[in-house]
Amino acid sequence: MPKLTPRLFWLGHLVALLTLLGLMSVQINSDWRYLHEDNGMHYSIFAYSHLAEGPAATSFHNAYRDPASGAIVQRYLNHPPLLGLSLAGAFALVGSGDFWVARSLAIFYHTVLFFSVSWLAWRLFDRRLSAPLLAGWLFVLMPMSFYFGKIVVYPPITMCFVGQRLHAQ
């Protein structure tokens, strides 16, 4: 068996990353019709409310806005507002509220988590190059990654920050 050189490690890790991005990009521009994707519509509504009324009117909380009157009709306080606010930021940055923009934000957070998992494996297994490569590929091939990793819900954003917290320790 050939020795895992740093060059082979980086090549294998790059291929794993490209595979992850490719798998998560399948149906990236389809409407919200798949399992649990109603959340994408839900949080897009919050993002549109932040963009249309401004964070001062929404009090930086996820809020439902009546499109006819422009009034905030109800606030959604069951979850923290970071996902709705970051989605509003992505819509504003790209200048579009298309489906692919919302999914791309979730894919971005999931990609950061990919690197965090790889780094954590490297640290836990005595800085061996094989550990993050194996962990990265296992992360890529899990259905939770390539199917649910692009869904606009809290796990990708939450796990991204958990991974970053572990990275900082």
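The structure under discussion appears in the preceding block.
What this report covers is the structure whose coordinates are included nearby.

Analysis parameters
- Residues numbered from 1 in each chain as written.
- Predicted model: local features only at pLDDT ≥ 70, side-chain atom pairs only at ≥ 80, totals over all residues.
- Heavy atoms only, no water.
- Helix = DSSP H or I, 4+ residues; strand = E, 2+ residues; numbered from the N terminus.
- Contact = heavy atoms within 4.5 Å.
- Core = buried A, V, L, I, M, F, W, Y, C linked by side-chain atoms within 4.5 Å.
- Buried < 20%, exposed > 50% of the residue type's maximum accessible area, 1.4 Å probe, protein only.
- Axes fitted to C-alpha atoms, helices over the stretch in contact; angles between N-to-C directions.
- Parallel < 35°, antiparallel > 145°, perpendicular 65-115°, else oblique.
- Nonpolar A, V, L, I, M, F, W, Y, C, P; charged D, E, K, R; others polar.
- Pairing = 2+ DSSP bridges.
- Expected span 1.5 Å × (residues − 1).
- Salt bridge = Lys/Arg side-chain N within 4 Å of Asp/Glu carboxyl O.

1. Describing the side chain of serine 49
Right, so step 1: Along the chain, serine 49 falls in helix α2 (residues 38-53).
Right, so step 2: Once residues within four sequence positions are removed from consideration, serine 49 is found in contact with Gly54, Thr58, Ala63, Tyr64 and Arg65.

2. Section: the nonpolar core
Right, so step 1: Among the nonpolar cores identified, the biggest contains 17 residues, and Tyr43, Leu83, Leu87, Phe91 and Val152 are the most heavily contacted of them.
Right, so step 2: For this core, the leading source of residues is helix α4 (residues 82-94), giving five residues.
Right, so step 3: When residues no more than four places from it in sequence are discounted, the contact partners of leucine 87 are Tyr43, Ser44, Ala47, Ala102, Leu105 and Val152.
Right, so step 4: Judged by nonpolar contacts, the second largest core, of nine residues, contains Ile107, Leu113, Phe114 and Phe139.

3. Brief notes about the packing of helix α1 (residues 6-24) against helix α6 (residues 130-141)
Right, so step 1: In the contact formed by α1 and α6, the axes pass within 9 Å of each other and the chain directions differ by 10 degrees. On the basis of their axis angle, the class for α1 and α6 is roughly parallel. Across the interface between the two elements, Phe9, Gly12, His13, Val15, Ala16, Thr19, Leu20 and Leu23 from α1 touch Pro132, Leu133, Trp137, Phe139 and Val140 from α6.
Right, so step 2: Looking at side-chain class alone, the contact of α1 with α6 contains 10 nonpolar, three polar and no charged residues.

4. Comments concerning the pairing of strand β1 (residues 62-65)
Look at any regular strand and the pattern is simple: side chains alternate between the two faces of the sheet.
Right, so step 1: Relative to strand β2 (residues 72-76), β1 runs antiparallel, the two sharing four bridges. Bridge pairing in β2 places tyrosine 64 opposite glutamine 74.

5. Here's the deal with α2
Right, so step 1: A rise of 1.5 Å per residue sets the reference length of α2, with its 16 residues, at 22 Å; its end C-alpha atoms lie 23 Å apart and thus fit the reference within 8%.
Right, so step 2: All buried positions along α2 are accounted for by Gly40, His42, Tyr43, Ser44, Phe46, Ala47, Ser49 and His50.
Right, so step 3: Downstream of α2 by a residue or two, glycine 54 has a phi angle that is positive, lying close to 90 degrees.

6. Focus on the pattern of salt bridges
Pairs can form between side chains of opposite charge once their charged atoms are near each other.
Right, so step 1: In total, this model carries four salt bridges according to the counting rule given.
Right, so step 2: We note a salt bridge from aspartate 31 to arginine 33, for which the minimum N-O separation is 3.3 Å.
Right, so step 3: For aspartate 31, a relative accessible area of 36% translates into the label partly exposed.
Right, so step 4: The exposed category is assigned to arginine 33, whose relative accessible area is 54%.
Right, so step 5: Close ionic contact of arginine 103 with glutamate 37 constitutes a salt bridge, the shortest N to O distance being 2.7 Å. Separated by 66 residues along the polypeptide, arginine 103 in helix α5 (residues 99-124) and glutamate 37 in the loop between α1 and α2 bring together distant segments of the chain. As far as burial versus exposure is concerned, arginine 103 and glutamate 37 are alike and both buried.

It is worth stressing that arrangement in space is one thing and function is another; only the former is reported here.
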